[in-house]
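# Coordinate analysis (summary)
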Amino acid sequence: MTSEKCLFCSMNKKEIKVDFVYEDEHAFAIRDINPQAPTHILIIPRQHVDNISKLDDKAIMGSLFHTTARIADQENLTKSGFRLVVNTGDDGGQTVHHLHIHLLGGRSLTWPPG
Ligand code: AMP
Ligand code: ZN
């Protein structure tokens, strides 16, 4: 998918109006429109990368995970715990082909996932 047709690129360019839970020069975060837990936030790099298999820049995920942990703390999830998910490709259930981390928390999550 080209970045012009990408939902998260459109949000990044502010072509689609969405509330950012967090933003800096590298990433932004939004609340998932279809939450799977009381807290369900997507942490999204500003740079378009289709998924983790297409990632060339090693620094992106380090920065993104660091940001995610800060957002989890802001959401008071550090003590109770939380889950991070990176759906990748068809079997991974990826529906938006712009790399992102799901932050899920606020309830006890079961394992294994469906
Ligand atoms: P994935 O299925 O891992 O690619 O995750 C994409 C996520 O984006 C899904 O959990 C969707 O619910 C979420 N999503 C799709 N459209 C929007 C939107 N307009 N605003 C917020 N979240 C969205
Ligand atoms: Zn994109």
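Up top you'll find the structure we're talking about.
Residues numbered from 1 in each chain as written. Chains lettered and ligands numbered in written order. Predicted model: local features only at pLDDT ≥ 70, side-chain atom pairs only at ≥ 80, totals over all residues. Heavy atoms only, no water.

Next up on the list: the nonpolar core. Counting residues in hydrophobic clusters, the biggest one holds 15 residues, and the most contacted among them are Ala29, Ile41, Ile43, Leu64, Ile71 and Leu103. Looking at this core, the elements that each hand over two or more residues are strand S2 (27–31), strand S3 (39–45), helix H2 (59–74) and strand S5 (101–105). The leading source of residues in this core is H2, at five residues. The next biggest cluster of nonpolar side chains, apart from the first, holds 10 residues, and it includes Met11, Ile30, Leu42 and Ile44. (Core = buried A, V, L, I, M, F, W, Y, C linked by side-chain atoms within 4.5 Å. Buried < 20%, exposed > 50% of the residue type's maximum accessible area, 1.4 Å probe, protein only. Helix = DSSP H or I, 4+ residues; strand = E, 2+ residues; numbered from the N terminus.)

Attention now goes to the site of ligand 1. The environment of ligand 1 is made up of 16 residues, and the closest members are Asp32, Asn87, Thr95, Val96 and His102. Within the side chain of Thr95, an N or O atom sits 2.7 Å from an oxygen atom of ligand 1. Take Val96: an N or O atom from its main chain is 2.9 Å from an oxygen atom of ligand 1. Here ligand 1 has 510 Å² of accessible area as a free molecule, and 80% of this is covered by the chains. Judged by its atoms lying within 2 Å of the grid points, ligand 1 is housed in the largest pocket. Counting residues per element, the ones that place at least two in the shell around ligand 1 are helix H1 (7–12) and S2. (Near = heavy atom within 4 Å. Polar contact = N/O pair within 3.5 Å; in protein donor to acceptor, adjacent residues only side chain to side chain. Areas by Shrake-Rupley, 256 points an atom, 1.4 Å probe, with all protein chains shown as cover. 1 Å grid on protein atoms, 1.4 Å probe; cavity = no way out; pocket = protein on both sides within 12 Å on 5 of 7 lines; lining within 4 Å. Sits in = over half its atoms within 2 Å of the grid points.)

A word on the pattern of salt bridges. Under the criterion given, the structure shown has six salt bridges. The shortest N-O distance in the salt bridge between Glu23 and Lys14 comes to 3.7 Å. The exposure class of Glu23 is partly exposed, given its relative accessible area of 41%. The class of Lys14 is exposed, set by a relative accessible area of 54%. A salt bridge links Arg31 to Glu75; the shortest N-O distance between them is 3.0 Å. Taken as a pair, Arg31 in strand S2 and Glu75 in the loop between H2 and strand S4 (82–85) lie far apart in primary sequence, 44 residues in all. The class of Arg31 is partly exposed, set by a relative accessible area of 46%. Residues joined by salt bridges that share partners form a network here, namely Lys14, Glu23 and Arg46. (Salt bridge = Lys/Arg side-chain N within 4 Å of Asp/Glu carboxyl O.)

As a further point, take the layout of surface pockets. In this structure, the largest pocket spans a volume of roughly 770 Å³. In terms of lining residues, the largest pocket is bounded by 31 residues, among which Gln36, His40, Asn87, His102 and Leu104 are the most central. Counting only elements with at least two residues in the lining of the largest pocket, the list comes to H1, S2, S3, S4 and S5. Of the residues belonging to the lining of the largest pocket, the class tally is 15 nonpolar, 12 polar and four charged. (Points joined across faces, edges and corners; volume = space filled by probe spheres on them. Nonpolar A, V, L, I, M, F, W, Y, C, P; charged D, E, K, R; others polar.)

On to a nonpolar patch on the surface, then. A contiguous nonpolar patch, built from Phe65, Phe82 and Leu84 and spanning about 240 Å² of accessible area, is present on the exposed surface. The exposure class of Phe82 is partly exposed, given its relative accessible area of 34%. (Patch = residues over 30% accessible without salt bridge, like charges linked within 9 Å, V, L, I, M, F, W, Y side chains within 5 Å.)

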